[in-house]
Amino acid sequence: MIRRYYIIRDANNSPSKDYWHIDYCTANNVEPLIEYKETGEMLVATLDLPCVEKENIEVSSEEYCIRVCAPTTRGICFKKVINLPFATEPQNVAATFKKGVLVLEIPKKIKHFKVEIK
Amino acid sequence: MALSDDIIIIETKDIDVENPIIIEGVPDVGLVGSIAVSHMVIEQKFEEIGYVTSDLLPPVMVVHEKKVLNPIRLFRKGRILAVLCEIPVDPKLGTLLSRKLVEWYKAKNAELVISLSGAPVEERINIEEPAVFGTSNREESLKRMEGSGVQILEEGFLSGFYALVLKNSMELGLNSAVLLAQSYPSYPDPGAAASILKILNKMIELDVDVKALLEQAEDVKINYRTLMEQTNASMQKENKVEVPTMYR
């Protein structure tokens, strides 16, 4: 069982009012560290997945959701559900894994058109 | 009982050293400073000589090799002193801690203060050997860094804990330098820490072997994941500071 500790702050960000929230996970699942970069055409999500073999990574894509499951060699499993604020084309989601970092390129279904001004 | 804003440095061993060189590792971009100093004190067998205590610190103790330790500790080997911080430093704590530490460095007649940090780069994944950039408030340190392979910052903007250390050092007349290795913005980066340690080996009388750090990089990233998560949250608060457009 993994215990995850978070610092929760009150609305005024007062350190004196901090308290600790302990999340007792029943499974060895942790969320990976993640960065997002969004353009007009796609969302690029990069996930830090140390101690993970490429062959063991599972990525599934739906129209509004990407799911990643990556068991590590250290007994924990990285799990992340990315809920998309736009529709994607699930079959066109691309994934590459390099140096322990998974890069997901998630294209947007909505295309931008330049409107001609008459 | 009201909590105090005092920050107290406790010396558990006599620190009788003239003009020490001080190396700081505090969590920020890529946790470069914390990872580098942690590896350095273990690999070079530094002796623990004290710690920092305050009501402002979160209720955290660190366990290393079955020992319970304070999260901000002081180390010494020869004339090198090291400060290792293993908890996120929020803006208020950073302001008070940087002031207190620089006053302590001044009291110890420090010859040079070197702060280790990361410079976030988007394309870090494609960089094999991160470059190290640096700046200092003294011309002599800039020459020393340049001679060790550091690319000196011509224009730029420093924010956060190390900016305060530089500011306080200038006010108290201390010689202070900041080294920044190209790093992942939000992930622990042992590769960047290794690059900065190689530069330190050239700059001062150190001989840190980074082979083990690079071999165990994946394990190091797992170990530092939670600290990185909390540090990212703390840095987001600092980023609310508006940076002048000319530096963007």
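One can find the structure itself at the top, above this paragraph.
Let us look at the structure shown here. Here the structure is a predicted model, which means the values were calculated and not measured. Each chain has its residues counted from 1, following the order in which its sequence is written. Chain labels run from A onward and ligand labels from 1 onward, assigned in the order the entries are written. This being a predicted model, a pLDDT of at least 70 is required before a residue's local features are given, and a value of 80 or more before pairs of side-chain atoms are given or counted; all residues contribute to the totals for chains, interfaces and linings.

Before going further, it helps to spend a moment on the overall build of chain A. Tallying secondary structure elements over chain A gives zero helices and ten strands in all. Listing the helices and strands of chain A from first to last along the sequence gives β-β-β-β-β-β-β-β-β-β. We call a residue exposed when 12 or fewer other C-beta atoms sit within 10 Å of its C-beta, buried when the count reaches 20 or more, and partly exposed for counts in between; the C-beta positions come from the backbone. Burial statistics for chain A: of 118 residues in total, 18% are counted as buried. Runs of H or I in DSSP of at least four residues are treated as helices and runs of E of at least two as strands, each being numbered from the N terminus.

Turning to the overall build of chain B, a few remarks are in order. For chain B, the count of helices and strands is eight helices and eleven strands. We compute the radius of gyration from the C-alpha atoms alone; for a globule the expected value is 2.2 Å times N to the 0.38, where N is the number of residues. For chain B, whose C-alpha radius of gyration is 17 Å, the value lies close to the compact-globule estimate of 18 Å for 248 residues. With the principal axes as the frame, chain B shows a C-alpha extent of 50 × 40 × 35 Å. The buried share of chain B, taken over its 248 residues, is 46%. For chain B, restricting intrachain contacts to residue pairs at least 6 apart in sequence, the fraction spanning at least 24 positions comes to 77%. This entry defines residue contacts through backbone-placed C-beta atoms, with two residues in contact when those atoms are within 7 Å.

This brings us to helix α2 (residues 91-107) of chain B. All names here are of chain B. Here a helix's expected span is defined as the number of its residues, less one, multiplied by 1.5 Å. Given a rise of 1.5 Å per residue, 17 residues ought to cover 24 Å, and the 24 Å separating the end C-alpha atoms of α2 matches this to within 8%. Where α2 is buried, its residues contact β1 (7-11), β2 (21-25), β7 (80-85), β8 (112-120) and α4 (161-172). Positive phi shows up at Asn 109, right after α2, with a value of about 55°.

Taken together, the 16 residues of chain A in the interface contact 20 residues of chain B. Nonpolar residues are Ala, Val, Leu, Ile, Met, Phe, Trp, Tyr, Cys and Pro. Charged residues are Asp, Glu, Lys and Arg, and all others, Gly as well, are polar. Looking at the side of chain A that touches chain B residue by residue, the classes come out as eight nonpolar, two polar and six charged.

On to the sheet that holds strand β9 (residues 132-136) of chain B, then. Residues and elements named next belong to chain B. Ordered in space as β1-β3-β6-β7-β2-β8-β11-β9-β10, the nine strands form an open sheet in which the pairing is mixed. The open sheet is flanked by β1 and β10 (151-152), the only strands paired with a single partner. Two strands pair under a simple rule: DSSP has to find at least two bridges between them. Relative to strand β11 (residues 176-183), β9 is paired through five bridges, and the arrangement is antiparallel. Considered in β11, the bridge of Gly 134 is made with Leu 179.

Here the focus is unusual backbone geometry. Trans peptide bonds make up the majority, and among non-glycine residues the majority have a negative phi. Even without being glycine, Cys 51 of chain A reaches a positive phi, approximately 60°. Residue classification places Cys 51 of chain A among the partly exposed residues on the basis of 17 C-beta atoms within 10 Å. Although it is not a glycine, Asn 109 of chain B adopts a positive phi angle of roughly 55°. One can find Asn 109 of chain B in the loop between α2 and β8.

Attention now moves to the nonpolar core. Any set of buried Ala, Val, Leu, Ile, Met, Phe, Trp, Tyr and Cys residues joined through C-beta atoms within 7 Å is what this text calls a nonpolar core. If you look at the biggest cluster of nonpolar residues, it comprises 69 residues, and the most contacted ones within it are Val 32, Ala 82, Leu 179 and Ile 196 of chain B. Counting residues in hydrophobic clusters, the runner-up holds 13 residues, among them Leu 43, Ala 45, Leu 49 and Leu 102 of chain A.

The next thing to look at is the sheet that holds strand β10 (residues 101-107) of chain A. Residue and element names in this part refer to chain A. Here we have four strands laid out as an open sheet, ordered β4-β5-β10-β9, and antiparallel in their pairing. Every interior strand has two partners, whereas the edge strands, β4 (34-38) and β9 (94-98), have only one. Taking the axes of each pair of neighbouring strands and ignoring which way they run, one obtains an average angle of 15° across the sheet. Bridge analysis of strand β5 (residues 42-48) against β10 gives seven bridges, and the strand direction is antiparallel. Within β10, the position partnered with Leu 43 by the bridge is Ile 106. For helices, the fitted axis covers only the stretch in contact; all axes are lines through C-alpha atoms, and the angles between them, taken along N-to-C directions, range from 0 to 180 degrees.

Take the packing of helix α1 (residues 32-43) of chain B against helix α5 (residues 190-203) of chain B next. All names here are of chain B. Two elements in contact, α1 and α5, have axes separated by 8 Å at closest approach and are oriented at 60°. Here α1 lies oblique to α5, going by the angle between them. For the pair α1 and α5, the crossing hand works out as right-handed. Here α1 contributes Val 32, Ile 35, Ala 36, His 39 and Met 40 to the contact with α5, which in turn contributes Pro 190, Ala 192, Ala 193, Ile 196 and Leu 197. Its residues assigned to classes, the contact of α1 with α5 shows nine nonpolar, one polar and no charged. When describing relative orientation, an angle under 35 degrees is termed roughly parallel and one over 145 degrees roughly antiparallel, while 65 to 115 degrees is termed roughly perpendicular and anything else oblique. Helix crossings fall into two classes, left-handed where the near helix is turned counterclockwise from the far one by less than a right angle and right-handed where it is turned clockwise.

Moving on: the environment of Asp 207 of chain B. All names here are of chain B. Following the sequence through the fold, Asp 207 ends up in the loop between α5 and α6 (211-215). Asp 207 sits in the exposed class, given 7 other C-beta atoms within 10 Å. C-alpha of Asp 207 to C-alpha of Met 40: the two residues are 167 residues apart in sequence and 9.2 Å apart in space.

Now for the pairing of β8 of chain B. Residue and element names in this part refer to chain B. For β8, the buried fraction is high: eight of the nine residues fall into the buried class. Where β2 lies against β8, five bridges are found, and the strand directions are parallel. In the sheet register, Ile 22 faces β8, and the bridge partner there is Val 113. Pairing of β8 with β11 involves eight bridges; the strand directions are parallel. By the bridge assignment, Val 113 is partnered in β11 with Ser 176.

To continue, consider the environment of Asp 16 of chain B. Residue and element names in this part refer to chain B. Its location among the elements puts Asp 16 in the loop between β1 and β2. We classify Asp 16 as exposed; it has 6 C-beta atoms within 10 Å. Put simply, Asp 16 and Lys 108 are 92 residues apart on the chain and 8.8 Å apart in space, counted from C-alpha to C-alpha.

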